[in-house]
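For reference, the chains in residue letters:
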Amino acid sequence: MKKLTIGLAMCAMLFAAGSRLAADDPKKEQPQPDPAQLESAFKEFATPGKEHEQFKRLVGTWDAEVVSTHDPNAPPQKSTAKATFQLLLGGRYLRQHFAGEFEGEKFEGLGVSGYDNAQKKFVGAWIDSMGTGIMHTEGQYNVEKHELVETGESSSPFGPMKLKMVTKYVSDDKMIFTMFMLLPENQEQKMMEITYTRSKAEDNE
């Protein structure tokens, strides 16, 4: 199946490349891409690397303490939740299932994270029970600070919202996720902070 997928992708690229070259100059013969080079490139693109190894440390069940500060004129709202992380497709992606409460109502969210070998950045998508849109994120990992800094855009009834997310990896059993709304003139408004702690119940299994 993997070879078939690579073969189809190669054919698509060759066709697209040929179409573009023909459009530039239909009378001029252009060299076709080397199939061996294309296959090698796609193999490298599809192979998990050191960045994907970081996903393994998150696998399991986590207890989450949520502090919402989306309304600066109101006291912070606190709640608890459970988050479960699992690897997908041979470790290429990480899936998060988040379940808890938000302002007294049940809340559920799903996220898929990955590292795009071609773009050289972490990418992700998030959906939850508070909306009908899909938030796409991208960012870089700061090795010295042990932080993943991402930006994304989420839809809302009042238009798109630009967001910044910072995940601080404190230890193998604790991480802190902070979300900011990006305002004009590079201002940031803190919306929430989630402290993840690896579940003790998991340690006793």
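Report follows, based on the coordinates. Worth saying up front: this structure is predicted, and the values here are computed from it rather than measured. (Residues numbered from 1 in each chain as written. Predicted model: local features only at pLDDT ≥ 70, side-chain atom pairs only at ≥ 80, totals over all residues. Heavy atoms only, no water.)

## Side note on the overall build of the protein
So, point 1. Scanning the protein for helices and strands turns up four helices and 10 strands.
So, point 2. Along the protein, helices (α) and strands (β) appear in the sequence α-α-α-β-β-β-β-β-β-β-β-β-β-α when read from the amino end.
So, point 3. Burial analysis of the protein (205 residues in total) assigns 29% to the buried set.
So, point 4. Here the contacts in the protein between residues at least 6 apart in sequence split such that 33% fall between residues at least 24 apart.
So, point 5. Summing over all exposed atoms, the protein offers an accessible surface of approximately 13,700 Å²; the carbon and sulfur share of this is 56%. (Helix = DSSP H or I, 4+ residues; strand = E, 2+ residues; numbered from the N terminus. Buried < 20%, exposed > 50% of the residue type's maximum accessible area, 1.4 Å probe, protein only. Contact = heavy atoms within 4.5 Å. Areas by Shrake-Rupley, 256 points an atom, 1.4 Å probe, with all protein chains shown as cover.)

## Structural notes on the packing of aromatic side chains
So, point 1. As enumerated under the stated definition, the model contains seven aromatic pairs in all.
So, point 2. Their ring planes at 75 degrees and their centres at 6.2 Å tell us that F55 and F122 sit as a pair that is edge-to-face. Of the two residues, F55 is situated in the loop between α3 (50–53) and β1 (60–68) and F122 in strand β5 (residues 121–128); the sequence distance between them amounts to 67 residues.
So, point 3. Accessibility expressed as a relative area gives 6% for F122, which makes it buried.
So, point 4. Note on F98 and Y196: the rings are 6.3 Å apart at their centroids and 70 degrees apart in plane angle, and the pair reads as edge-to-face. Placement of F98 in strand β3 (residues 93–102) and of Y196 in strand β10 (residues 187–198) is noted, with a sequence separation of 98 residues between them.
So, point 5. Of the residues examined, F98 reaches a relative accessible area of 6% and is grouped as buried.
So, point 6. Put simply, the rings of W62, F85, F98, F107 and Y196 pair up and form one aromatic cluster.
So, point 7. Above the ring of Y169, the side-chain terminus of R57 is found at 4.3 Å from the ring centroid. (Phe/Tyr/Trp six-rings, centres within 6.5 Å; stacked < 30°, edge-to-face > 60°. Lys NZ or Arg CZ within 6 Å of the ring centre and 35° of its normal.)

## Quick look at the pattern of salt bridges
So, point 1. With the rule as written, the count across this model stands at six salt bridges.
So, point 2. Note that E53 is salt-bridged to K56, the shortest N-O span being 3.2 Å.
So, point 3. The shortest N-O distance in the salt bridge between D173 and R198 comes to 2.8 Å. With D173 in the loop between β8 (161–171) and β9 (174–183) and R198 in strand β10, this residue pair connects regions lying 25 residues apart in the sequence. (Salt bridge = Lys/Arg side-chain N within 4 Å of Asp/Glu carboxyl O.)

## Some thoughts on the sheet that holds strand β4 (residues 105–116)
Backbone hydrogen bonds are what pair the strands of a sheet, in a parallel or an antiparallel way.
So, point 1. Strand order in the closed barrel formed by 10 strands is β1-β2-β3-β4-β5-β6-β7-β8-β9-β10, with antiparallel pairing between adjacent strands. Recorded for the sheet is a direction-independent mean angle of 25 degrees between the axes of neighbouring strands.
So, point 2. Here eight bridges tie β8 to β9, and the two strands are oriented antiparallel to one another. Among the inter-strand pairings, K164 is bridged to a residue of β9, identified as F180. (Pairing = 2+ DSSP bridges. Axes fitted to C-alpha atoms, helices over the stretch in contact; angles between N-to-C directions.)

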